[in-house]
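# Tertiary structure, described
The chain contents come next:
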Amino acid sequence: MVRKQLVSLFPCDEMDWTKTRKKKMKKAVSFICNDILPSSLFVVLFLLVSDVEQPLVETFHEFYAEMNGHDCLTVISESKENYKKWSSLAQLSCPISALNEISIVEMPLSHVDATVQSIQLSKNQPTRKLPVSHGGLCFLKSVEEAMLDTLEIVSVDQCDDTNLQILSEDEIQQTELYFYRGGKIDWINFWLVDKHKCEVIIERDAYKEASKILNNVVLRNKRPIESVNIYHHPGSGGSTVARQILWSQRTKVRCAVVKQSKEVTTVCEHVVKLREHNESDKNNCLPVLLLLEDQNPDYTDDLRRHLGNAIATKKISPSVLCFILLICNRSNDPEKMCRASPSQTVAVTHKLSHEEKPLFLKKAEQLKLQFESDYILTFVLMSQEFQHSYIEDFVKNLLEKTDHSSPITRLIRFVALLNCYVKDSYISVSHCEASLGLALYVGSTRYHAFVDHLSDEARLIFIHLRDSTTHIPSIRIIHPLVAKEILTQLSANLPQSVIAMDLIKDEVLLNHRFDRDEFLKVIKALFIRRNKKSRGDPTDTAFSPLIEHVINERGGVQKAVDLMKAAYIALGKDAYVAQQLARLLYTNNRFEEALEWAEEAKSLSPHDTFILDTLGQVYKRWFYHLHDTPEEKEPSPERAVKIIDIALKGISAFRASEKTPKKETVSLNSSYYGEVDVGCRLLKFLSGVDVFSSVAGYSQLMRYLLTDYIPEEVRTLWNRFHVQLKGLERSLRQALESISEDLSYFQTDISEEDEELDARDPEQVYNPREWLTRKSAVYAGFFCSEQEESDEAAVSSSTDTFSPAERLSSFQRQMRTYKLGGGNVTAILSFLYDQKSQRAGKKLEEIMAMYPENLTWKNLDETELTNFLFCQIALNCILPGSSKLLSLQKLQDLSKRFLTKGRNMSSASALFLLSLLFWPDSSNELSSTDAQILLSAIDALQRLCEQKIQHKAQRKSRIVTHFFLAKARGLNKIVHRSAIEKQSKGTLSERKLKWLGGEVWKTKEVVQQLKRVKGWTENENLYVSCGQREKRIRVIPRYSASLPHGNEKVTFYLGFSFDGVVAFDIQVME
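Residues numbered from 1 in each chain as written. Predicted model: local features only at pLDDT ≥ 70, side-chain atom pairs only at ≥ 80, totals over all residues. Heavy atoms only, no water.

### With respect to the packing of aromatic side chains
Counted according to the given criterion, the structure contains 34 aromatic pairs. Taken together, a centroid distance of 5.0 Å and an interplanar angle of 40° make the contact between Trp1001 and Phe1064 tilted. Placement of the pair is Trp1001 in the loop between α50 (988-997) and α51 (1004-1009) and Phe1064 in strand β21 (residues 1060-1068), with a sequence separation of 63 residues. Clustering of aromatic rings is evident, with ring pairs tying together Tyr698, Tyr779, Phe782, Phe783, Phe811 and Tyr818. Stacked on the ring of Tyr1053, the Lys or Arg Arg1012 has its end atom at 4.6 Å from the ring centre. A cation sits over an aromatic face here: Arg1032 above Tyr1023, 4.0 Å from the ring centre. (Phe/Tyr/Trp six-rings, centres within 6.5 Å; stacked < 30°, edge-to-face > 60°. Helix = DSSP H or I, 4+ residues; strand = E, 2+ residues; numbered from the N terminus. Lys NZ or Arg CZ within 6 Å of the ring centre and 35° of its normal.)

### Brief notes about the packing of helix α47 (residues 908-917) against helix α48 (residues 928-949)
A pair of packed helices can be characterised by two numbers: the angle between their axes and the separation between those axes. One way to put it is that α47 packs onto α48 with a least axis distance of 9 Å and a crossing angle of 140°. Between α47 and α48, the angle falls in the class oblique. Viewed along their axes, α47 and α48 form a crossing whose handedness is left-handed. In this structure, α47 uses Ala908, Leu911, Phe912, Leu914 and Ser915 to contact α48, whose residues at the interface are Ile933, Leu934, Ala937, Ile938, Ala940, Leu941 and Leu944. Here the residues of the contact of α47 with α48 sort into eleven nonpolar, one polar and no charged. (Axes fitted to C-alpha atoms, helices over the stretch in contact; angles between N-to-C directions. Parallel < 35°, antiparallel > 145°, perpendicular 65-115°, else oblique. Left-handed = near helix turned anticlockwise from the far one by under 90°. Contact = heavy atoms within 4.5 Å. Nonpolar A, V, L, I, M, F, W, Y, C, P; charged D, E, K, R; others polar.)

### Digging into the pairing of strand β20 (residues 1049-1057)
Most of β20 is tucked away, with eight of its nine residues classed as buried. Relative to β20, strand β15 (residues 961-965) runs antiparallel, the two sharing three bridges. Bridge pairing links Phe964 to Gly1055 in β20. Direction of pairing for strand β17 (residues 1012-1018) relative to β20: antiparallel, over a ladder of five bridges. (Buried < 20%, exposed > 50% of the residue type's maximum accessible area, 1.4 Å probe, protein only. Pairing = 2+ DSSP bridges.)

### Observations concerning the nonpolar core
If you look at the biggest cluster of nonpolar residues, it comprises 186 residues, and the most contacted ones within it are Phe450, Phe462, Val482, Phe527, Leu682 and Trp718. Excluding residues that lie within four positions of it along the chain, Leu682 makes contacts with Phe623, Ile644, Ala647, Leu648, Ile651, Leu725 and Leu728. Formed by 72 residues, the second largest nonpolar core is a distinct cluster that contains Leu820, Val825, Leu926 and Phe1058. (Core = buried A, V, L, I, M, F, W, Y, C linked by side-chain atoms within 4.5 Å.)

### Details of the confidence of the model for the protein
Of all residues in the protein, 87% have pLDDT values of 70 or greater, and the mean over the chain is 84. Long-range and interchain partners of residues 117-125, a stretch whose pLDDT sits below 50, account for 18 contacts in this model, where long-range means more than four residues apart. Counting interchain partners and residues more than four positions distant, the pLDDT-below-50 stretch residues 441-445 has two contacts. (pLDDT = per-residue confidence, 0-100.)

### Quick word on the sheet that holds strand β3 (residues 103-105)
Strand-to-strand pairing in sheets goes through backbone hydrogen bonds, with the strands running parallel or antiparallel. The strand order across the open sheet formed by three strands is β1-β2-β3, and the pairing between neighbours is parallel. Since the sheet does not close on itself, it has two edges, and those belong to β1 (44-48) and β3, each with one partner. This sheet shows a mean twist of 10° between the axes of neighbouring strands, independent of strand direction. Inspection of the sheet shows strand β2 (residues 73-77) paired to β3 by three bridges, in the parallel sense. Bridge pairing in β3 links Ser77 to Val105. Contacts from helix α4 (residues 54-66) reach β1 and β2, with the element oriented near 160° to β1. Contacting β1, β2 and β3, helix α5 (residues 80-90) crosses the sheet at an angle of about 125° to β1.

Here it is, written out as structure tokens:
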């Protein structure tokens, strides 16, 4: 009857509703609560999806009254503003504290459905328990846990909702068997052990060592963020050790696992919420023990940085331990990783200690009484320390019983191939069914049909997985070493190239729609992913390990090429496969084919910097090949034309790549490196060409390259090259400058994704500063090698009063300083990292001797002046008493020629110098003119940097801070980063942690040396006064979230970088 009345009503405004319908609403609510639904067996949900109106509030009041409180009421609002209005109206009947308890605010509507379904009556609502700082427990509701969906939280009562009475012995046995067969351990395994339903899980030595480190961390309590590292051989039990630690610590600290592929910012937010859940004092919460498994170092560093920012923002004491990162990564050499940072790292290997071995042998015998030994093979292998002979015999016996012509064996070959070469690879059960022709089955019948269809051998070596997120069932080989041995023994009769070709041409597998994208990612990784020592692989490889293996087969290069071509087609004409094929071909001197595939990749992805760079690499390697394998002592004119043509096409290709908008993850287009390589080698080649190989050939070549002069012998023959060759010196200098500028801005890290595609030499990737210094010397050495001898002869025979430096032309001076290491900012700053400071100082003094003694800014162009000033600053840092040093006032006067505004504004390096030289010893010492120079220089620096980093990923936009402000005066107030780094003791990993954790700023030597600058925060910006109070400079906090909330007076350490002046260790003044 009520329903009929409500349905027959039409919409009306609030006034009419109050007059005509409010009474009916009250009756309806009373009828529902008292007559229709039993008390406390339903929940009333209020969804605030639009602006709050009075009728909804009145309805809430009625339900609140009829239900005797708020226990069965829930409010969900996506908008904070809507909720604010709602709470102001609803608190007339319900206290604001109770209202907040039943409300979920700013929750996306996409999550509403899951939330509604998780809500149950409060007395039956599933809750979990977390430890709290005072030693008790608190509740974590399922709704609250669902909001922290980047974390797998391990509660004190983990798995206690499991009903042992309905858990059969067979289910318990299968759970235990899954683990001992090689499956990842689950929390239920630990829980069943605690309930004495399963035998004890062995605690390896690494567990005890890691627990000891963890306990020391808690007791030492020096840093807010600590870390414990576990490196382990694949399949050695490292993941088990990590989870054992979480299980044993869950009653003492709050424990969680970071789920894969989650945004760092969201993870940080959730971890902070987990720490503070139901705690009243932020300075007295239990720390969170956070497990990160197989995350790359960039991700871990970013998370550490965000957590540090959150600690600073919340004004938590820096001596309070807040987060412990348990970092668990696979490595092919875990002991080496352990040696790099022994105080906080443990290694888990296949080798058992003297104490472990009897435990494993005894456990293996116990399990053999419970299960067939073949079904606990992984554990038996572990007890035998994965002896190769044991694995070899097992696989040999297995394959002897196998029908090698059957589809099941074919599937084993495919899975073994993928598991051997691609980390975490698997094949979904759906793909297996399609391959075996079982796709007509549905539901559970489908899965059982697949298992029943497997041979006995396949059941022994396949382990079944289920993704915790997608719940997609899949299979893999029980252990990576077993997969490798299967592949090795199968390869005796069937080469891996044949197995891979069979896989890549299997249209049923490749075109199967279910989970297709993930499967194709694995296939692509099989052909593209290279091994890198930096991420724990045994060696660096030029191509994917599969391709490297195939190359070593008989006739392998062509097999590898055919395989890559097939992969290119199978993966839908993938541009990156075409790129890798071009690399494979030019590496094997098949340049015409390589060029075709590089052009093909370019046509598919015309704006990708790596692909365009590969086109340049083809020409570069082709040019190198022709240059290094001459057909005769001196190349014929026709061959010289061909070689020069290929070299210049390479330079053109690199330049085209340089002009392309950079990828988000790329700070500098790597093609500049290629251009320098080709250009320097081309200069060497030109000097050996017939027309320039005579005694006077060098000076003639210089005239050709640097003036309008063209020798008659090559005027016609090289007609199409003249413009490019005459611009070669300038373009080389510009490329070197571009590399230098980029290295001045950014740290030199490279992402794992980019490592697969980068075709640069290892030195260019991992030691770019050393490469730049060396190449600068090669470039400059070519243009001043013979001139030096003639100049020295002229000096010795001359009777005039000019110094040698004054006789040098601008170009000669530039080339000589370049050769000595003073030609660009990065090379100059590299002197500050030289372990032999006296040697570096003498080299800088030698550079200074190249400049006239009575120097004015008119003597030098802007680039020369910039390099001169940087050399002065570097020399003062290394040899502060050198006679070659000028006063700070003199350096300031020289730098005043730099322009901070307008179309002809000076370079970032010049602006950086102004920020260094004009920063005052104290703010009131700055004249209004100097203050204006400083202000405009820093403002221009910040604008230039914003333009430069707008297309970069955050990880690639980490700006280098070169210098810090010290307590000393004059030039001595400028302290280089290397001086601070020397005060930070320990291994490289430990020193890095001190920078990330801010511990470096507490070092006694640093506190004594550096000056704390006073400033203030205003509207979430940081400022310092400049001269007079009304003039201020914006200082960029190196970690943006470290700014205190509100407007505060603060102190901090000041750093100088190419994005302006930056603040470290910001502290609120008391």
